[in-house]
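# Descriptive analysis of the structure
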Amino acid sequence: MASIRVGTAPDSWGVWFPNDANQVPYTRFLDEVVAAGYEWIELGPYGYLPTNPILLQDELEARGLRLSAGTVSERLHQSDSWNAVWDQVTEVAALTAALGGQHVVVLPEMWRDLYTGAELEPGELTTDQWKAKTAGVDRLGKAMFEQYGVHLQYHPHADSHVATEQEITRFLEGTDPDYVNLCLDTGHVSYCGGDNLAIINRHPERIGYLHLKQVNPEIVARVHAENLPFSEAVTLGAMTEPPLGVPEFPPLLEAVERTGADIFAIVEQDMYPCPPDAPLSIARRTRTHLGGCGVRSLQFAAEVRRTPHDAH
């Protein structure tokens, strides 16, 4: 029987950085996750949540929360990149494992500047760079599992070298399924013109983790027509609240359910920056929408629990 455990992440509270005046304090994020009815969370950017595993465990246990994954980025197509990437992993994977998490989501670094859209390197990899990236990610996945017991889930991302459906297919065909699987971010796939359902049906055994996200197709069309950077797309509302955008979740979740997978589905809605009072109501409505999708294998927290934040 499939099991799809639904959680959320700091990203859905407008958190992109370890420290930023535009972001809510981590304690408010944790309180509101509980108030919205979720049990599972991701670390978000390393340093946003406490990095001391004892302190973080105390914060999570006090709220009945559990950790699904940490997140790092990679640029392993560059010959001098291994040490910098591994330094990230040693911090994030160790903290994730200490909190009982079994996954680390790995994102490709963007080839254009997040804010200006300036080209930092060519948008397409050479054949040799593709080989370096896939070999490097295989090495990373093997080392992460052997040293920390965590599974590498690779997350395609807009404005990166692994973004389109074609690039995702090439990446999966070039990597080892024993150590590398796919974090299917439904929003980024749609943002880049891909077909989420086709990816699930074509590579069911490689879907190891989900990020549930929708995009506004009209805004995305404008973004591509004007060649806007990802941060501006987010500010314009490219990532939108379900069920207002695409892709539709029920067919995708039903397809994942048919694979029989035991998998996390983490709700994300890129909203940096956002008003501090906006995320909680969106999170509650999104949970209600997902709960009404009719997918029997979805699992949420048993009940919405009262938190200290609710008392204020």
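This is a predicted model, so every value here is computed, not measured.

Summing up its helical and strand segments, the protein has eleven helices and eleven strands in all. In terms of C-alpha radius of gyration, the protein reaches 18 Å, essentially the compact-globule figure of 20 Å for 312 residues. With the C-alpha coordinates of the protein rotated into their principal frame, the extents come out at 55 × 45 × 45 Å. Burial analysis of the protein (312 residues in total) assigns 57% to the buried set. Here the analysis covers contacts within the protein between residues at least 6 apart in sequence; of these, 81% occur between residues at least 24 apart. A total accessible area of about 13,200 Å² is found for the protein, and carbon and sulfur atoms account for 49% of it.

Working note: α-helix, 3.6 residues per turn, so residues spaced by three or four point in the same direction. Of all the residues in helix α8 (residues 217-226), the buried ones are Ile219, Val220 and Val223. Around the axis of α8, the buried residues are gathered within 100° of arc, so they sit on the same side. Exposed residues on α8 whose side chains face more than 90 degrees from its buried face are Glu218 and Ala225. Structurally, α8 contributes buried residues whose contacts are with α6 (186-191), β8 (214-215) and α9 (230-236).

Our focus in this paragraph is the environment of Val150. Structurally, Val150 is set in the loop between α4 (127-148) and β5 (151-154). The spacing of Val150 and Thr96 is 54 residues in sequence and 8.1 Å in space, taken between C-alpha atoms. Residues within four places of Val150 in sequence aside, it is in contact with Ala93, Thr96, Ala97, Gly101, Gln102, His103, Val104, Met144 and Phe145.

Here we come to the pattern of salt bridges. All told, the structure shown has 17 salt bridges when counted by the stated rule. Close ionic contact of Lys213 with Glu268 constitutes a salt bridge, the shortest N to O distance being 3.3 Å. Taken as a pair, Lys213 in the loop between β7 (207-212) and β8 and Glu268 in the loop between β10 (262-267) and α11 (278-291) lie far apart in primary sequence, 55 residues in all. Overall, Lys213 belongs to the buried group, its relative accessible area being 1%. Here Glu241 and Arg285 are joined by a salt bridge, their closest N and O atoms 2.6 Å apart. With a gap of 44 residues between them, Glu241 in the loop between β9 (239-240) and α10 (249-258) and Arg285 in helix α11 connect regions that are remote in the sequence. On the basis of relative accessibility, which here comes to 13%, the residue Glu241 falls in the buried class. What you see here is one network of salt bridges that share partners, running through Asp185, Lys213, Glu268 and Asp270.

Any empty space left between atoms is shown by rolling a water-sized probe over those atoms. In this structure, the largest pocket spans a volume of roughly 910 Å³. Contributing elements (two or more residues each) for the lining of the largest pocket: β3 (66-74) and β4 (103-108). The dominant element in the lining of the largest pocket, judged by the number of residues it contributes, is β3, at three residues. Partitioned by chemical class, the residues of the lining of the largest pocket number 16 nonpolar, nine polar and eleven charged.

Further remarks concern the environment of Met1. Within the element layout of this structure, Met1 appears in the segment before β1 (3-8). Along the sequence, Met1 and Pro275 sit 274 residues apart, while their C-alpha atoms lie 40 Å from each other.

For the rest of this paragraph, the subject is the pairing of β7. Buried residues dominate β7, accounting for six of its six residues. Bridging between strand β6 (residues 180-185) and β7 involves four bridges; their strand directions are parallel. Pairing of Cys183 across the sheet is with Tyr209, part of β7. Alignment of β7 against β10, held across three bridges, turns out to be parallel. Paired with Leu212 across the two strands is Val267, which belongs to β10.

Definitions and limits used
Residues numbered from 1 in each chain as written. Predicted model: local features only at pLDDT ≥ 70, side-chain atom pairs only at ≥ 80, totals over all residues. Heavy atoms only, no water. Helix = DSSP H or I, 4+ residues; strand = E, 2+ residues; numbered from the N terminus. Rg over C-alpha atoms; globule rule 2.2 N^0.38 Å. Buried < 20%, exposed > 50% of the residue type's maximum accessible area, 1.4 Å probe, protein only. Contact = heavy atoms within 4.5 Å. Areas by Shrake-Rupley, 256 points an atom, 1.4 Å probe, with all protein chains shown as cover. Arc of directions from axis to C-beta. Salt bridge = Lys/Arg side-chain N within 4 Å of Asp/Glu carboxyl O. 1 Å grid on protein atoms, 1.4 Å probe; cavity = no way out; pocket = protein on both sides within 12 Å on 5 of 7 lines; lining within 4 Å. Points joined across faces, edges and corners; volume = space filled by probe spheres on them. Nonpolar A, V, L, I, M, F, W, Y, C, P; charged D, E, K, R; others polar. Pairing = 2+ DSSP bridges.

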